[in-house]
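Each chain is listed here by its residues.
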Amino acid sequence: MDRFETLDSLLQEERVFRPLPQLVIEANVNPQELGAARRQSEYDPLGYWEEAADELDWFKRWDRVLDDSRKPFYRWFPGARCNIVYNCLDRHIETANKNKLALIWEGEPGDSRKYTYFELYREVNRFANALRTLGVQKGDRVVVYMPPLPETVVAMLAAAKIGAVHSVVFAGFSAKALRQRINDAQAKAVITADGFYRNGQVLRLKDTVDEALVGACADCVESMVVVRRTKVGVDMVDGRDFWYEDLVRQERNTAPTEVMEAHEPLFLMYTSGTTGKPKGIVHCHGGYMVGVHRTLTTVFDVKPTDIFWCTADPGWVTGHSAVVYGPLLAGTTTVIYEGHPNYPQADRLWNIVAKYGISIFYTVPTVIRMLMRFGVQHTKRHDLSSLRLLGSVGEPISPEAWTWLYKNIGRSECPVIDTWWQTETGMFMISPLPISLLKPGSVTKPLPGVKADVVDREGNSVEPGKGGLLVIREPWPAMMTGLWNDEDRYREYFEKVPGCYFAGDVARRDEDGYIWIQGRADDVINIAGHRVGSAELEAAFGAHRNVTEAAVIGVPDTIKGEAAKAFVVVRSGAEEDDELIKDLKRHIRNELGPVAVLKSIEFRRKLPKTRSGKIMRRVLKAEETGTEIGDLTGMEDDS
Ligand code: PRX
């Protein structure tokens, strides 16, 4: 089924699923409490978030909950001092969590490692000391270019512990994309691995970092730390490159935790926008931890006995909030798997669920669509009875995929929690709780403390049933604090729709107030839940010697939701043949990495343009799909 059939079925979906009574009785937040929280967040939203902040430990309390004197640069908890790592690790060491499992990791070949909170705390301390020994200081940027390994989590937490700012770059990005991010952040250190296992193969990783740093490129980088994962041979540069194991071996088990102002940066996460240059979204220690902790614990009803598995790679925001920070703040056990969901066969995920007794399973619709294809015989072979909640994120989930998950994985008992949020929002924004009535394909209602709305371009709420722009009307604690070195671009989020943060999505609200996400309104392609900008792809095409110009749009893809299709005008004299297509595909992979999945390339004599010479991607999109998402597609100026 393609994306647009999916949207049609979203418009026709009328089923409602009720939670089992037992689940409601046992829920951390019952329906009365949810009602009270919603009411409180209506008349006293700051009070609501202040109570959430009180559930965490601070070195110094805030002077005020919110400083909105310099809109849209909001500051949550001004005057407060804290460190998110203190809340993720240090404080648990003083409680019964000390010897509880913090992290279960499984490698693709089947090897596994487990860390209690105490063990993770000590490992993080050793690596924090190692970073300090390398000269990394508070405020310095550290790029983490790693596969999903325990050391990835350790690197993030160690950097944050000493007040450095981490920027995790997904290992599926190319050397060039990595270099761009290292340079933009002016990173002092890079943490990587020699390689990793994916789909039965060893993929080399350190080589890519070497390529990114070749010559005088990214000469801000003073040191590189390499985790030995696959034992492939790598070149180590004397004085710059260090083995992780050599560094931590010499370090102490304790390390001081840097005292941070609440708004000081915790991490940068680069994400695609509508220009060729990715945006460095900045999140801070204080507001981020409050928002993530409150939303993760309520939405996933986290209990002391849970084992929480979010299948996202730590290289995306979901990996930050729902693999590393959220679960550790909540004191639960988080699970990380290194490899491909189909390796060695299509039951790998269910094998992991059964093996560790996973109780909360949070994934992306792309994975579900892929596994649906292989049939239920794979799910039947495993004991999935430990599961109690299922979750979805990153792209619209079709009612078909939703019900497949609910029936075949969740025994028609486990609610499917479809969470809407973004790199920019940091935390879940629109989502059911386990006690909510569910409609397959709807993200239901804004969470308490979140003022989401569906509006027209002037910011007026649209009637139920009508499509509109999804906006957030009031600030929320885990909102990005800015864009790295780019105040103007940050302001744009608040300028498209008067008085609101515009998320970039189109949505519809039904008669019951339930929200149905319909897709992006801008030129960002959602490939398997990963954002890739049309403009980034076009710039990459433009860098090819035989290309004059290119336009790239998202087209429906049965498994990935969307994939990229390129329309390319070639330089005069160049042959429009299969050779060139192959070469262009290689080129794009080289420029951006395997994340940028190209479905097809079509040669054109010219591209449709506005009078001012801007490429009209939506004309190509309409030609291609025969439809547009609502009447709001394309926020571009056609004048
Ligand atoms: O279009 C929405 C889609 O993913 C975008 C955010 O992408 P990113 O910043 O990479 O973060 C992804 C994971 C938090 C949104 O603008 N999106 C996210 N969650 C959903 C979704 N679309 C539909 N349903 C969702 N639950």
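Definitions and cut-offs
- Residues numbered from 1 in each chain as written.
- Predicted model: local features only at pLDDT ≥ 70, side-chain atom pairs only at ≥ 80, totals over all residues.
- Heavy atoms only, no water.
- Near = heavy atom within 4 Å.
- Polar contact = N/O pair within 3.5 Å; in protein donor to acceptor, adjacent residues only side chain to side chain.
- Areas by Shrake-Rupley, 256 points an atom, 1.4 Å probe, with all protein chains shown as cover.
- Helix = DSSP H or I, 4+ residues; strand = E, 2+ residues; numbered from the N terminus.
- Nonpolar A, V, L, I, M, F, W, Y, C, P; charged D, E, K, R; others polar.
- Pairing = 2+ DSSP bridges.
- Axes fitted to C-alpha atoms, helices over the stretch in contact; angles between N-to-C directions.
- Expected span 1.5 Å × (residues − 1).
- Buried < 20%, exposed > 50% of the residue type's maximum accessible area, 1.4 Å probe, protein only.
- Parallel < 35°, antiparallel > 145°, perpendicular 65-115°, else oblique.
- Contact = heavy atoms within 4.5 Å.
- Domains from an automatic or database assignment.
- Buried area = accessible area lost by both parts, 1.4 Å probe.
- Salt bridge = Lys/Arg side-chain N within 4 Å of Asp/Glu carboxyl O.

Peer 1: How would you explain the site of the ligand if you had to name every residue and give the values?
Peer 2: Lining the immediate surroundings of the ligand are 18 residues, of which D418, T419, T423, R520 and R531 lie closest. In the model, a nitrogen atom of the ligand is placed 2.7 Å from a nitrogen or oxygen of the D418 side chain. Within the contact set of the ligand, an oxygen atom lies 2.9 Å away from a side-chain nitrogen or oxygen of Q422. Protein contact buries 97% of the 540 Å² of open area that the ligand shows by itself. Elements that contribute at least two residues to the shell around the ligand include exactly α12 (317-329), β20 (416-419) and β25 (515-520). Tallied by class, the residues present in the shell around the ligand amount to 7 nonpolar, 6 polar and 5 charged.

Peer 1: Kindly report on the sheet that holds strand β21 (residues 452-455), identifying the contributing residues and their values.
Peer 2: What the 4 strands build is an open sheet, ordered β21-β22-β24-β25; its pairing is antiparallel. Both outer strands of the open sheet, β21 and β25, are each paired with one neighbouring strand and no more. For this sheet, the mean angle separating the axes of adjacent strands, direction not counted, is 45°.

Peer 1: Lay out helix α7 (residues 150-161) with the relevant residues and their values.
Peer 2: Helical periodicity: at 3.6 residues per turn, an α-helix aligns residues three or four positions apart in one direction. Compared with an ideal rise of 1.5 Å per residue, which puts 12 residues at 16 Å, α7 spans 16 Å between its outermost C-alpha atoms and is within 8% of the ideal. Extensive coverage of α7 is indicated by the burial of 12 of its 12 residues. Phi turns positive one or two residues past the end of α7, at G163, with a value near 85°.

Peer 1: So, the packing of helix α4 (residues 45-53) against helix α11 (residues 286-299): which residues are in play, and what are the values?
Peer 2: Two numbers describe how α4 lies on α11: the axes approach to 9 Å, and their chain directions differ by 90°. Put simply, α4 runs roughly perpendicular to α11. Residues Y48, W49, E51, A52 and A53 of α4 lie in contact with α11, whose contacting residues are V290, G291, R294 and T295. Grouping the amino acids of the contact of α4 with α11 by side-chain chemistry returns 5 nonpolar, 2 polar and 2 charged.

Peer 1: Before we move on, could you go through the pairing of strand β19 (residues 389-393) and cite the residues and values that matter?
Peer 2: A large share of β19 lies buried, amounting to 5 of its 5 residues. Alternating positions in β19 separate into two faces, L389, G391 and V393 on one and L390 and S392 on the other, with burial throughout. In terms of strand pairing, strand β18 (residues 360-363) meets β19 through 4 bridges, oriented parallel. The partner of T363 across the bridge, within β19, is S392. The sheet contact formed by β19 and β20 spans 4 bridges and is parallel. By the bridge assignment, G391 is partnered in β20 with I417.

Peer 1: So what's going on with helix α8 (residues 175-185)? Which residues, and what values?
Peer 2: Looking only at α8, the buried set comprises A175, A177, L178, R181, I182, D184 and A185. Taken together, the buried residues of α8 touch β6 (141-145), β8 (189-193), α9 (206-212), β14 (265-271), α18 (534-542) and α19 (578-592). With its phi angle positive at about 50°, Q186 sits one or two positions after the end of α8.

Peer 1: Outline the side chain of K439, listing residues and values.
Peer 2: Note that K439 resides in the loop between β20 and β21. Excluding anything up to four places from it in sequence, K439 contacts R15, V16, D510, D512, Y514 and W516.

Peer 1: Which residues make up the domain arrangement of the chain, and what values go with them?
Peer 2: Each assigned domain of the chain is listed here: domain 1 (108-267) and domain 2 (523-625). A separation of 33 Å is found between the C-alpha centroids of domain 1 and domain 2. Domain 1 puts 7 residues into the contact, and the matching count from domain 2 is 8 residues. Roughly 540 Å² of surface becomes buried between domain 1 and domain 2 when both sides are summed, with 51% attributable to carbon and sulfur atoms. If you sort the residues of domain 1 by the area they bury against domain 2, G172, S174 and K176 come out on top, with a joint share of 59%. Here domain 1 is connected to domain 2 by 1 salt bridge. Two residues, E591 and K176, come together in a salt bridge whose shortest N-O distance is 2.8 Å. One can count 4 residue pairs in polar contact (both at pLDDT 80 or more) joining domain 1 with domain 2.

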